[in-house]
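The lines below spell out each chain.
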Amino acid sequence: MQKSYKLKNYNAVFTIITALTSAAVYRLEASWEHVPDAAKTTFGQLYQFTADEDNYAAYRQELNLVVQQPVVPFLGIYLSDLTVTEESSPDFLPGQPHLINFHKRRMYARTIRHIQRYQQVAYNLTEVKTIHDFLKSLEPPVDEKDLYHCSVTAEPKRKS
């Protein structure tokens, strides 16, 4: 998680935080007790970094500081931005259905330019074949219900 952050692979950071805060994982109290305090601190910091407060202000602020470095942005935020633009702005000017709403098109373009900006600099990483092969061999993800069942099997619910 911290290495993904240092590599500016923000998509991985968001994915890991989402997985660790899922009901199936977050409920594992006994397991969380074995996590070192330093890792819990890092988790807390990255949880705040990925928080949706003020429209992901902490993440957006840091992302705007990235210049001429490889980065993998979290695309979910851009998809949300595009959805908000689509749903909140008419395609044509109000009261003038024959005039295209170019302000809406500029908002789309700005969001897409942000995404393109992060495609300019590539990572210089070396493939580690054993890791690559391991990742390729993994089974497709299971659904949330199956994950929760595995979680309860690992740590049964406590009786109140």
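For the structure itself, consult the block above.
Residues numbered from 1 in each chain as written. Predicted model: local features only at pLDDT ≥ 70, side-chain atom pairs only at ≥ 80, totals over all residues. Heavy atoms only, no water.

Draft legend 1. How the structure looks around a nonpolar patch on the surface. A contiguous nonpolar surface patch, about 490 Å² in accessible area, is contributed by Val128, Ile131, Phe134, Leu135 and Leu138. Along the chain, Leu138 falls in the loop between helix H9 (129–137) and helix H10 (144–154). (Patch = residues over 30% accessible without salt bridge, like charges linked within 9 Å, V, L, I, M, F, W, Y side chains within 5 Å. Areas by Shrake-Rupley, 256 points an atom, 1.4 Å probe, with all protein chains shown as cover. Salt bridge = Lys/Arg side-chain N within 4 Å of Asp/Glu carboxyl O. Helix = DSSP H or I, 4+ residues; strand = E, 2+ residues; numbered from the N terminus.)

Draft legend 2. Unusual backbone geometry, seen in detail. Even without being a glycine, Lys8 presents a positive backbone phi close to 60 degrees. The topology assignment puts Lys8 in the loop between helix H1 (2–6) and helix H2 (10–20). Residue classification places Lys8 among the buried positions, given a relative accessible area of 18%. In this structure, Asp54 is a non-glycine residue whose phi angle is positive, near 50 degrees. Assignment of secondary structure puts Asp54 in the loop between helix H5 (37–49) and helix H6 (57–65). (Buried < 20%, exposed > 50% of the residue type's maximum accessible area, 1.4 Å probe, protein only.)

Draft legend 3. Structural view of the environment of Cys150. With respect to the helices and strands, the residue Cys150 is situated in helix H10. Its relative accessible area of 48% is what places Cys150 among the partly exposed residues. Once the C-alpha coordinates of Cys150 and Ala24 are considered, the two residues, 126 residues apart in sequence, prove to be 7.8 Å apart.

Draft legend 4. Structural detail: the packing of H2 against H5. Contact pair H2 / H5: the axes reach a minimum separation of 10 Å and the direction vectors enclose 110 degrees. With respect to H5, the axis of H2 lies roughly perpendicular. Seen from above, H2 lies across H5 with left-handed handedness. Residues Tyr10, Val13, Ile17 and Leu20 of H2 form the contact with H5, whose own contacting residues are Phe43, Leu46, Tyr47 and Phe49. (Axes fitted to C-alpha atoms, helices over the stretch in contact; angles between N-to-C directions. Parallel < 35°, antiparallel > 145°, perpendicular 65-115°, else oblique. Left-handed = near helix turned anticlockwise from the far one by under 90°. Contact = heavy atoms within 4.5 Å.)

Draft legend 5. Quick look at the packing of helix H7 (residues 75–88) against helix H8 (residues 102–117). Contact geometry of H7 with H8 gives a least axis separation of 10 Å together with a crossing angle of 175 degrees. Comparing their axes, H8 and H7 come out roughly antiparallel. Of the residues in H8, those in contact with Leu75, Tyr78, Asp81, Leu82, Thr85 and Glu86 of H7 are Lys104, Met107, Tyr108, Thr111, His114 and Ile115. Within the contact of H7 with H8, the residues separate by chemical class into six nonpolar, three polar and three charged. (Nonpolar A, V, L, I, M, F, W, Y, C, P; charged D, E, K, R; others polar.)

Draft legend 6. Inspection of the side chain of Ser22 at higher detail. Secondary-structure assignment places Ser22 in the loop between H2 and helix H3 (23–26). Since its relative accessible area comes to 16%, Ser22 is described here as buried.

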